[in-house]
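What follows is the residue order along each chain.
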Amino acid sequence: MSTYNGKFVWYELMTTDAPAAQAFYTEVIGWQASDAGMSDMAYTILSAGDTMVGGLMTLPAEACANGARPSWSGYVAVDDVDAAAARFAQAGGRVHLAGTDIPGVGRFAVVADPHGAALVLFKGSSEAPPARPPAGTPGLVGWHELHAGDQASAMAFYAEQFGWTKADALDMGEMGIYQLFASGDGPAVGGIMTKTPEMPVPMWLYYFNVADINAALARVSANGGKVCMGPHQVPGGSWIAQCLDPQGVLFAMVAMPQPA
């Protein structure tokens, strides 16, 4: 099994207005945008310096007609996309899109856990993962948060699917347990909680690193977005906030604690 297995490796925004979304995120997060050069569709690569972080594309009209909404998706590396998708289904999840090849890039499938939170399974054409800048680098994804139908069963499900392990658990009182998880031998990369009533459906939320949370929130408001929550300081000293982009997509930001 590859040591890359079970790690988040890519992030993708499917939205109703790709040019407007590109303008918003390049201003707010500081990404650089470039055309991927695909012959059959428009796909924009979002990069933090020399590091490609994710992609942006227009949500197809037929998907909208079937009830799809603009959203961010996370790609998780697996050794075999089709086998991993089958395991999701066998464990009570769903396969929204069966294994599909992207020529020269890899193979992917769109799945959902038993509560409906969606992810993308991915196997790249290259075996070697790209080198990544240090944790906390602005523009990278610094945290992965699952607002689950049920925290405990979701943690058990993903532990079985990806080999994720429990890290620290935080007691949030009436909001229940916030269970941190790790992928491999490294530090925690995210947290799982039972969703609050305000969260309409179970979903994954991705936190983009920024250098200064207050400055980033000012950019959100100045560029047509909305601040939904924060800024709040969390254990460890980081500052977080949750926002909506101009197309109504929920995203979050995190700023590492500043050195004394």
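Provided above is the structure to which this section pertains.
Visitor: Got a sec to walk through the pattern of salt bridges? Specific residues and values, please.
Guide: Scanning the entire structure with this criterion turns up two salt bridges. One salt bridge connects arginine 107 with aspartate 82, and the closest N-O pair in it is separated by 2.8 Å. Taken as a pair, arginine 107 in strand 7 (residues 106-112) and aspartate 82 in helix 3 (residues 81-90) lie far apart in primary sequence, 25 residues in all. Note on aspartate 82: relative accessible area 37%, which makes it partly exposed. One salt bridge in this structure joins arginine 107 and aspartate 101, with 3.0 Å as the shortest N-O distance. For arginine 107, a relative accessible area of 24% corresponds to the partly exposed category. Look at aspartate 101 and you get exposed, because its relative accessible area is 53%. Taken together, the shared-partner salt bridges in this structure form one network comprising Asp82, Asp101 and Arg107.

Visitor: Break down the sheet that holds strand 16 (residues 250-255) for me, citing the residues and quoting the values.
Guide: With respect to topology, eight strands assemble into an open sheet ordered 10-11-12-9-13-16-15-14, the strand pairing being mixed. Only two strands of the sheet have a single neighbouring strand rather than two, namely strand 10 (165-171) and strand 14 (226-233). Pairs of neighbouring strands in the sheet enclose a mean axial angle of 25°, with direction left out of account. Bridge count between strand 11 (residues 177-182) and strand 12 (residues 188-194): four bridges; the pairing is antiparallel. Residue pairing across strands places leucine 180 opposite glycine 191, the latter belonging to strand 12. Docked against the sheet, helix 4 (residues 151-162) engages strand 9 (141-148), strand 10, strand 11, strand 12 and strand 13 (203-209), running at close to 140° with respect to strand 12. This element, helix 5 (residues 213-222), spans strand 14, strand 15 (239-244) and strand 16 of the sheet and lies at about 175° to strand 14.

Visitor: Requested: an account of the packing of helix 1 (residues 18-28) against helix 5, with residues and values cited.
Guide: Running from N to C, helix 1 and helix 5 point in directions that differ by 155°, and their axes come no closer than 9 Å. In terms of their interaxial angle, helix 1 and helix 5 are classed as roughly antiparallel. Crossing of helix 1 over helix 5 shows right-handed handedness. When helix 1 is examined against helix 5, the residues Phe24, Glu27 and Val28 are found in contact with a partner set consisting of Ala216, Arg219 and Val220. Looking at the contact of helix 1 with helix 5 residue by residue, the classes come out as four nonpolar, no polar and two charged.

Visitor: So what's going on with the side chain of glutamine 161? Which residues, and what values?
Guide: You can see glutamine 161 is positioned in helix 4. With near-sequence residues (within four places) excluded, glutamine 161 lies in contact with Ala84, Arg87, Phe88 and Ala91.

Visitor: Lay out the packing of helix 3 against helix 4 in plain terms, naming residues and giving numbers.
Guide: One way to put it is that helix 3 packs onto helix 4 with a least axis distance of 10 Å and a crossing angle of 150°. Accordingly, the angle class assigned to the pair helix 3 and helix 4 is roughly antiparallel. The hand of the helix 3/helix 4 crossing is right-handed. Here helix 3 contributes Ala84, Arg87 and Phe88 to the contact with helix 4, which in turn contributes Phe157, Tyr158, Gln161 and Phe162. Here the contact of helix 3 with helix 4 is built from residues that sort into five nonpolar, one polar and one charged.

Cut-offs used in this document
- Residues numbered from 1 in each chain as written.
- Predicted model: local features only at pLDDT ≥ 70, side-chain atom pairs only at ≥ 80, totals over all residues.
- Heavy atoms only, no water.
- Salt bridge = Lys/Arg side-chain N within 4 Å of Asp/Glu carboxyl O.
- Helix = DSSP H or I, 4+ residues; strand = E, 2+ residues; numbered from the N terminus.
- Buried < 20%, exposed > 50% of the residue type's maximum accessible area, 1.4 Å probe, protein only.
- Pairing = 2+ DSSP bridges.
- Axes fitted to C-alpha atoms, helices over the stretch in contact; angles between N-to-C directions.
- Contact = heavy atoms within 4.5 Å.
- Parallel < 35°, antiparallel > 145°, perpendicular 65-115°, else oblique.
- Left-handed = near helix turned anticlockwise from the far one by under 90°.
- Nonpolar A, V, L, I, M, F, W, Y, C, P; charged D, E, K, R; others polar.

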